[in-house]
Amino acid sequence: MTAGRRAVLAAMVGGLLAGCASQKKGTDASAASSGPSATGPAPAPQASGATPSTTAAASRPAVTRAQVVARYGRSVPHSWGFDAPGVVHSLPKAKNEIALTFDACGGPGGSDYDRALIDFLRERHIPATLFINSRWIDANPAEFHRLAATPQFEIANHGTRHRPLSVTGRSAYGIPGTRGAGEVYDEIAGNRAKLTRLLGAAPRYFRSGTAYCDDVAAHIVRDLGERFVSFSVNGDGGATFTHEQVHETVAAAPGGSIVLCHMNHPEGGTAQGIASAVPHLLATGHRFVRLSDALQA
């Protein structure tokens, strides 16, 4: 068993993947059922080549909420966890590439900004994929714009309310999941529309709050035009690891790994652990990529 897999199992036992540890049970449950948030910062300049018409077209999912409910409203899930069909856990045929991914969860206990972590990645020109929740954007509009304007970073969808993605309302780590196909749609599409409006292009990748989903919800992610990305190495244990633990876990990541850490808990050990693990990995012949650099569309 690899060190990365041992870290994953330890985190599962300890309930460490929430990333918003201080969030109380039931927080935002009523808001989750009310549909996507329409709030957010003013639109950023559109990506090169984007026009108002193409941006508007990209923001419209391939299917509507009514179609999703009609298609999946009576479906019974057969799996729950990190391994639903179609979920991406590692990079294909990668011998020395590693994808660093950082979640920004938003909401109570999860809307801070780990500036030291991001500054390190910028200064060392380390590419990364940032999974950003709608509520984190609302709390950090200036920081979001700076992240979006940094070419080495890729912005991905971390949901509207940071919910585990379930069609039956299942919870993970005390965070209530979406209840039904309609709420699954809202969780994905609400933040998708916001990111498309701000970035000028739709996000390509999605990760739910806690990274949990069932197989029906995973199909809905695909139908909305995104790929569900999980992880193979739990790098910071839901932002609970010390910097020594982060270093030990991330430095042991083999080629092809998708590493999950957090960028919304500056009080944790993530920044210092990443700052020591990255040079080690570079020295041993690894290189870092964004998800879109390694995964086919």
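All values derive from a computational prediction rather than experimental measurement.

Definitions and limits used
- Residues numbered from 1 in each chain as written.
- Predicted model: local features only at pLDDT ≥ 70, side-chain atom pairs only at ≥ 80, totals over all residues.
- Heavy atoms only, no water.
- Helix = DSSP H or I, 4+ residues; strand = E, 2+ residues; numbered from the N terminus.
- Buried < 20%, exposed > 50% of the residue type's maximum accessible area, 1.4 Å probe, protein only.
- Contact = heavy atoms within 4.5 Å.
- Areas by Shrake-Rupley, 256 points an atom, 1.4 Å probe, with all protein chains shown as cover.
- Core = buried A, V, L, I, M, F, W, Y, C linked by side-chain atoms within 4.5 Å.
- Salt bridge = Lys/Arg side-chain N within 4 Å of Asp/Glu carboxyl O.
- Axes fitted to C-alpha atoms, helices over the stretch in contact; angles between N-to-C directions.
- Parallel < 35°, antiparallel > 145°, perpendicular 65-115°, else oblique.
- Left-handed = near helix turned anticlockwise from the far one by under 90°.
- Nonpolar A, V, L, I, M, F, W, Y, C, P; charged D, E, K, R; others polar.
- Pairing = 2+ DSSP bridges.
- Phe/Tyr/Trp six-rings, centres within 6.5 Å; stacked < 30°, edge-to-face > 60°.
- Expected span 1.5 Å × (residues − 1).
- Arc of directions from axis to C-beta.

With that out of the way, let us pick up the overall build of the protein chain. Along its length, the protein chain carries twelve helices and ten strands. Within the protein chain, the fraction of its 297 residues that count as buried is 56%. In the protein chain, of all internal contacts separated by at least 6 residues, the share reaching a separation of at least 24 is 82%. Split by element, the accessible area of the protein chain, about 11,900 Å² in all, is 53% carbon and sulfur.

With that out of the way, let us pick up the nonpolar core. Residues L100, F102, L121, L147, M263 and I274 are the most contacted members of the largest nonpolar core, which totals 37 residues. The dominant element in this core, judged by the number of residues it contributes, is helix α11 (residues 270-283), at five residues. Ignoring anything within four residues of it in the chain, the contact list for F102 reads L117, L121, A128, T129, L130, F131, C261, H262, M263, T270 and I274. If you look at the next biggest cluster of nonpolar residues, it comprises 21 residues, including A84, V87, V167 and L224.

Another point: the pattern of salt bridges. Close approach of charged atoms lets side chains of opposite charge pair. Counted by the stated rule, this structure contains twelve salt bridges. Here R115 and E143 are joined by a salt bridge, their closest N and O atoms 3.4 Å apart. Placement of R115 in helix α5 (residues 115-123) and of E143 in helix α7 (residues 141-148) is noted, with a sequence separation of 28 residues between them. A salt bridge links R290 to D293, with the shortest nitrogen-to-oxygen separation between them at 3.1 Å. Using a relative accessible area of 23% as the deciding quantity, one classes R290 as partly exposed. The network of salt bridges with shared partners includes R71, R222 and D223.

All right, on to the packing of helix α10 (residues 243-251) against α11 then. For any two helices packed against each other, the geometry comes down to the angle between their axes and how far apart the axes lie. Two numbers describe how α10 lies on α11: the axes approach to 7 Å, and their chain directions differ by 30°. Classified by the angle between their axes, α10 and α11 sit roughly parallel to one another. When the axes of α10 and α11 are compared, the crossing they make is right-handed. Seen from α10, the contacting residues are H243, V246, H247, V250 and A251; seen from α11, they are T270, Q272, G273, I274, S276, A277, H280 and L281. Of the residues in the contact of α10 with α11, the class split is six nonpolar, seven polar and no charged.

Here strand β4 (residues 153-157) lies mainly inside the structure; five of its five residues are buried. Neither face of β4 is left uncovered, since the one carrying F153, I155 and N157 and the one carrying E154 and A156 both have all their residues buried. Note: strand β3 (residues 128-132) against β4, five bridges, orientation parallel. Bridge pairing in β4 links F131 to A156.

With the rule as written, the count across this model stands at six aromatic pairs. Summarising the aromatic geometry, the rings of W80 and Y212 are spaced 5.2 Å apart at their centres and angled 50° between planes, so their arrangement reads as tilted. Taken together, the residues span a long stretch of sequence, with W80 in strand β1 (residues 80-81) and Y212 in the loop between β5 (205-206) and β6 (213-214) at a distance of 132 residues. According to the relative accessible area criterion, Y212 is buried, its value standing at 15%. Taken together, a centroid distance of 5.8 Å and an interplanar angle of 65° make the contact between F206 and F228 edge-to-face.

With that out of the way, let us pick up α11. Over its 14 residues, α11 extends 20 Å from the first C-alpha to the last, a length consistent with the 20 Å expected when each residue adds 1.5 Å. Among the residues making up α11, those that are buried are T270, A271, G273, I274, A277, V278 and L281. The buried residues of α11 all sit within an arc of 145° when viewed along its axis, so they share a single face. Contacts from the buried residues of α11 go to β2 (97-104), α5, α10, β9 (258-262) and β10 (287-288). A positive backbone phi angle near 95° is found at G285, which sits one or two residues after α11.

Before going further, it helps to spend a moment on the environment of Y185. Mapped onto the elements of the fold, Y185 is located in helix α8 (residues 181-199). Judged by relative accessible area, Y185 falls into the buried class, the value being 10%. Linking Y185 and I220, residues 35 residues apart in sequence, is a C-alpha distance of 7.1 Å.

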